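# Architecture at a glance
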Amino acid sequence: MSVTRSQCANAIRALAIDAIEKAKSGHPGAPLGMADMAEALWRHNLKHNPANPDWFNRDRFVLSNGHASMLLYSLLHLTGYAVSLEDLQNFRQWGSLTPGHPEHGHTPGVDITTGPLGSGIASAVGMALAERMLAEKYNKPGYTIVDHMTYVFLGDGCLMEGVSHEACSLAGVWKLGKLIALYDDNGISIDGKIDGWFTEDVAKRFEAYGWQVIGRIDGHDAEALDKAIAEAKADTTRPSIIICKTHIGFGSALADSEKCHGAPLGPDNAKAAKEALGMPAEPFCIAEDVRNAWDAREAGAAAEAAWNALLEAYKQEHPGLAKEFVRRINGILPVGLDTVISNFITKARDAKEKLATRVTSKNVLSELVPAIPELIGGSADLSGSVGTKTASSVIMNPETYEGNYLCYGVREFAMGCIMNGLAVHGGFIPYAGTFMVFSDYAKHAIRLAALMKLRVCWVLTHDSYAVGEDGPTHQPIEQLNMLRSIPDCVVWRPCDSEECAHAWLAALRTQGPTCLSLSRQGLPFLDKGREPAIEKGGYILRDCQGTPDIILLATGSEVALCVEAAATLEAQGVKARVVSMPCCEVFDAQDEEYKKSVLPCEVRARLAVEAAWTGYWHRYVGLDGDVLGLDHFGASAPGGELAKQFGFTADNVVAKALALLKK
């Protein structure tokens, strides 16, 4: 007797019930409700190879409602990924491959980290865009080497989050016909039936975005699901959403109730549900014929082998394109970047121009963009202000998918999630810009990039009170150190064009997000000696004879203030060392010998100067030091006037230094 599709779907349900019961923690409702959707997609449509989760031409799968993680872990286990039965039994436990929400880079087969609702569908837009743009550039007649779908499961909560509006709107504008979302329309969220807070017409909303809308269909009807997915795949000019009416907690006594959303069913309900589904009472027991029906290893290996053969033929027919394609999808930077940057620095040293670092960043990008085809830029409707669009930047045309620059509109959060999708897909290094103060909107996307160690570059300009007349709403105070507080996020705040060039080179080499904190106002070029150790994150920019009496530490626009103050102190017989600290994370990673050579323990008088929240700098100045910063909001006035009012003058730096020395 052949295995039925219901039996295959119920295998997912049984494993989810058992794992969540054993963990005494988890979300059974969504896996039970979406199991039929998963069976239709994963057994009959998804192109993947469990033996090689990173095979480039696989279809991408995003579980946007990541709390349904046991759905995904069950799928990975049943189809043949390196996710064992023991891994399922260790769901949500220390060191397991099955954490509470899916984590890319941790569990084989997880294409992107999800859980924070809405971010998954938003990043899927970036993944689908990456596929389309690479296909346009590298596919040639007879050689379709880039050809895969991006599928998303999402729920009511994802559609409530504003980022889904931002990103899905762009998906329609960009005509991402190989993006298909299956919406688990179960009408329940944590607080109960959603008709008290979510009554919009989802179909009309997505029609307005320019999506193909299919359904509402019965999300438990295999035939209806097959037909809907086929219809979605047939329209390559529009992204598609399939509205699947489902029952949360399907098969259990708690079906259609919020009670099964985020807590185990309980022993009695779990037992009854498994009986109703026709599954063995024994935990984690799946019949061999059902396992065989799920096994995707043979088909996956054949699909990858066929693609590898096609790629080898492509290499013979198009050797130049093939070499670049393979380099890009493997994340290898092109040769010669050191030369590009060193040549830029040589010119900057000769010119010694006073420039805003947002301008010097654009100048660096003007050299990098033509040299690195995988760079894809953009901004949140601020291209001219943030300097991300260069003479070599071409706005992406959704009719042809040619170009290397994205106009995201005023959508910082979606911009960040889409950048993450581009990066995690492979073949691109995304960078984009907005004002530093608006990093608040994008913070969560930056955090997820850090968690996944994705190489994305943020150009954050107008980074201090020097924004001036726009006032405190646009003057960042806490944002700089908020970004520094994110693990594995690297923040550079360069003081001039030379440091800015080093920052960009470091960003391109960092496997994780980099934030560049850049000035609106012009900053002088500072002489630093022949070989300043900028690449170490912190270095002695100006020194004195012998052991310093005081060390002045600064970043960005405040470094020049400290250089001027040090000259004044020297004239008064005070030996002052100036340390520029453009990247604290990189400096902290240096060995102790180097760090002590820059900040020797015996020099206890230390003054840090930065136009931001002061709390961060006490780690460097210690109990005997002081910090000149901002622990209050800014004000609306010309930047020069604000500098005087807030004490960011060389005279005030001198006064604070002398006061420290008198302690």
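In case you missed it, the structure is sitting above this.
Overview of the structure.

### As for the overall build of the chain
Across its full length, the chain holds 26 helices and 18 strands. Its C-alpha atoms give the chain a radius of gyration of 28 Å, near enough to 26 Å, the size a compact globule of 663 residues would have. The principal-axis extents of the C-alpha atoms in the chain amount to approximately 95 × 60 × 45 Å. Sorting the 663 residues of the chain into buried and exposed places 60% on the buried side.

### Re helix 12 (residues 297-317)
In this model, helix 12 (21 residues) spans 30 Å end to end at C-alpha, consistent with the 30 Å of a helix rising 1.5 Å per residue. Buried within helix 12 are the following residues: Gly300, Glu304, Trp307, Leu311 and Tyr314. Here the buried residues of helix 12 occupy an arc of 75° about the axis, which is enough to place them on one side. Turned more than 90 degrees away from the buried face of helix 12 sit Glu298, Gln316 and Glu317, all of them exposed.

### What to know about the sheet that holds strand 11 (residues 457-461)
Across a sheet, paired strands are connected by hydrogen bonds in the backbone, their directions being either parallel or antiparallel. Within the open sheet, the six strands sit side by side as 9-8-10-11-13-12. Their pairing is parallel. Among the strands making up the open sheet, the edge pair consists of strand 9 (405-407) and strand 12 (490-492). Strand-to-strand twist of the sheet, defined as the mean angle between neighbouring strand axes without regard to direction, takes the value 20°. Where strand 10 (residues 429-435) meets strand 11, five bridges bridge the pair, whose relative direction is parallel. If you follow Thr434 over to strand 11, its bridge partner there is Leu460.

### Some details on helix 26 (residues 650-661)
Taking 1.5 Å as the rise per residue, helix 26 with twelve residues should run 16 Å; its terminal C-alpha atoms sit 17 Å apart, in good agreement. For helix 26, the complete set of buried residues consists of Ala650, Val653, Val654, Ala657 and Leu660. Buried residues of helix 26, viewed axially, fall in a sector of 125°; they line one side. Looking at the buried residues of helix 26, the elements they touch are strand 15 (550-554), helix 21 (559-571), strand 17 (606-609) and strand 18 (626-628).

### Describing the state of the cysteines
Summed over the entire model, instances satisfying the criterion amount to zero disulfides. Cysteine Cys457 shares no disulfide, and the gap to the nearest cysteine sulfur, in Cys515, comes to 9.3 Å. Distance from the sulfur of Cys583, which forms no disulfide, to the nearest cysteine sulfur (Cys584) is 6.9 Å. With a relative accessible area of 0%, Cys583 lands in the buried category.

### Considerations on the pairing of strand 3 (residues 179-185)
Here strand 3 lies mainly inside the structure; seven of its seven residues are buried. Covered by surrounding structure in strand 3 are Leu179, Ala181, Tyr183 and Asp185 together with Ile180, Leu182 and Asp184, the residues of both alternating faces. As paired strands, strand 3 and strand 7 (residues 240-245) are joined by six bridges and run parallel to one another. Residue Asp185 lies in a different strand from strand 7, and its bridge partner there is Lys245.

### Things to note about the environment of His48
Looking at where His48 falls in the secondary structure, it is placed in the loop between helix 2 (29-44) and strand 1 (60-63). Note on His48: relative accessible area 5%, which makes it buried. Separated by 161 residues in the primary sequence, His48 and Tyr209 have C-alpha atoms spaced 30 Å apart. Those residues within four positions of His48 in sequence are excluded, and the remaining contacts are Trp42, Trp55, Arg58, Thr79, Tyr81, Ala296 and Gly300. Of the polar contacts made by the side chain of His48, one reaches the side chain of Tyr81; its length is 2.8 Å.

### A word on the pattern of salt bridges
This structure, assessed with the given rule, holds 32 salt bridges. Across the pair Glu131 and Lys178 runs a salt bridge, and its minimum N-O distance is 3.0 Å. Of the two residues, Glu131 is situated in helix 5 (residues 119-138) and Lys178 in the loop between helix 7 (162-173) and strand 3; the sequence distance between them amounts to 47 residues. Glu131 sits in the buried class, given a relative accessible area of 1%. Residue Lys178 is classed as buried on the basis of its relative accessible area of 12%. Of the charged contacts, one joins Asp147 and Lys178 as a salt bridge, the two residues approaching to 2.4 Å between their closest N and O atoms.

### A look at the sheet that holds strand 6 (residues 212-218)
Spatially, five strands are ordered 1-2-3-7-6 in an open sheet, and the strand pairing comes out parallel. Each having just a single partner strand, strand 1 and strand 6 make up the two edges of the open sheet. Going across the sheet, the axis of each strand differs from the next one's by a mean of 15°, ignoring polarity. Where strand 6 meets strand 7, five bridges bridge the pair, whose relative direction is parallel.

### Side note on the packing of helix 17 (residues 412-425) against helix 18 (residues 439-452)
It is at 7 Å that the axes of helix 17 and helix 18 come closest, and there the two elements cross at 15°. Here helix 17 lies roughly parallel to helix 18, going by the angle between them. Crossing geometry of helix 17 relative to helix 18 is assigned as right-handed. Between helix 17 and helix 18, the residues in contact are Glu412, Phe413, Gly416, Cys417 and Asn420 and Tyr441, Ala442, His444, Ala445, Leu448 and Ala449, respectively. Residues belonging to the contact of helix 17 with helix 18 are distributed by class as follows: seven nonpolar, three polar and one charged.

### Notes on the pairing of strand 13 (residues 514-517)
On a regular strand, each side chain points to the face opposite its neighbour's, so the side chains alternate between the two faces of the sheet. Here strand 13 shows no split at all, with Thr514 and Leu516 on one side and Cys515 and Ser517 on the other all buried. By the bridge criterion, three bridges tie strand 12 to strand 13 in an arrangement that is parallel. Note that in strand 13 the partner of Val490 across the bridge is Thr514. Regarding topology, helix 20 (residues 497-509) serves as the crossover connection from strand 12 to the parallel strand 13, and that connection is right-handed.

### Notes on the packing of aromatic side chains
Think of a pair of aromatic rings as described by two things: how far the centres are apart, and how the planes are tilted against each other in angle. Tallying each qualifying case throughout the model produces 21 aromatic pairs. Arranged with centres 5.8 Å apart and planes meeting at 80°, the rings of Tyr616 and Trp617 form a pair that is edge-to-face. Relative accessible area serves as the criterion here: at 11%, Tyr616 is assigned to the buried category. Classification of Trp617 by relative accessible area gives buried; the value is 1%. The ring of Phe56 is capped by Arg60, whose NZ or CZ atom sits 5.3 Å from the centre of that ring. The lysine or arginine in question, Lys137, covers the ring of Tyr138, its NZ or CZ lying 5.7 Å from the ring centre.

### What about the environment of Thr236?
With respect to the helices, strands and loops of the structure, Thr236 is situated in the loop between helix 9 (222-234) and strand 7. Looking at Thr236, the relative accessible area reads 52%, which means it is exposed. A sequence separation of 108 residues divides Thr236 from Phe344, and the C-alpha atoms of the two residues are 44 Å apart. For Thr236, the contacting residues outside a window of four places in its chain are Lys175 and Gly177.

### As for unusual backbone geometry
The phi dihedral of Asp256 is positive, around 65°, even though this residue is not glycine. Structurally, Asp256 can be placed in the loop between strand 7 and helix 10 (267-276). Here Lys352, not a glycine, exhibits a phi torsion of approximately 50°, which is positive. Residue placement: Lys352 occurs in the loop between helix 14 (337-351) and helix 15 (357-371).

What counts, and where the lines are drawn
- Residues numbered from 1 in each chain as written.
- Predicted model: local features only at pLDDT ≥ 70, side-chain atom pairs only at ≥ 80, totals over all residues.
- Heavy atoms only, no water.
- Helix = DSSP H or I, 4+ residues; strand = E, 2+ residues; numbered from the N terminus.
- Rg over C-alpha atoms; globule rule 2.2 N^0.38 Å.
- Buried < 20%, exposed > 50% of the residue type's maximum accessible area, 1.4 Å probe, protein only.
- Expected span 1.5 Å × (residues − 1).
- Arc of directions from axis to C-beta.
- Pairing = 2+ DSSP bridges.
- Axes fitted to C-alpha atoms, helices over the stretch in contact; angles between N-to-C directions.
- Contact = heavy atoms within 4.5 Å.
- Disulfide = S-S within 2.5 Å.
- Polar contact = N/O pair within 3.5 Å; in protein donor to acceptor, adjacent residues only side chain to side chain.
- Salt bridge = Lys/Arg side-chain N within 4 Å of Asp/Glu carboxyl O.
- Parallel < 35°, antiparallel > 145°, perpendicular 65-115°, else oblique.
- Left-handed = near helix turned anticlockwise from the far one by under 90°.
- Nonpolar A, V, L, I, M, F, W, Y, C, P; charged D, E, K, R; others polar.
- Right-handed = clockwise from strand over helix to strand, strands pointing away.
- Phe/Tyr/Trp six-rings, centres within 6.5 Å; stacked < 30°, edge-to-face > 60°.
- Lys NZ or Arg CZ within 6 Å of the ring centre and 35° of its normal.

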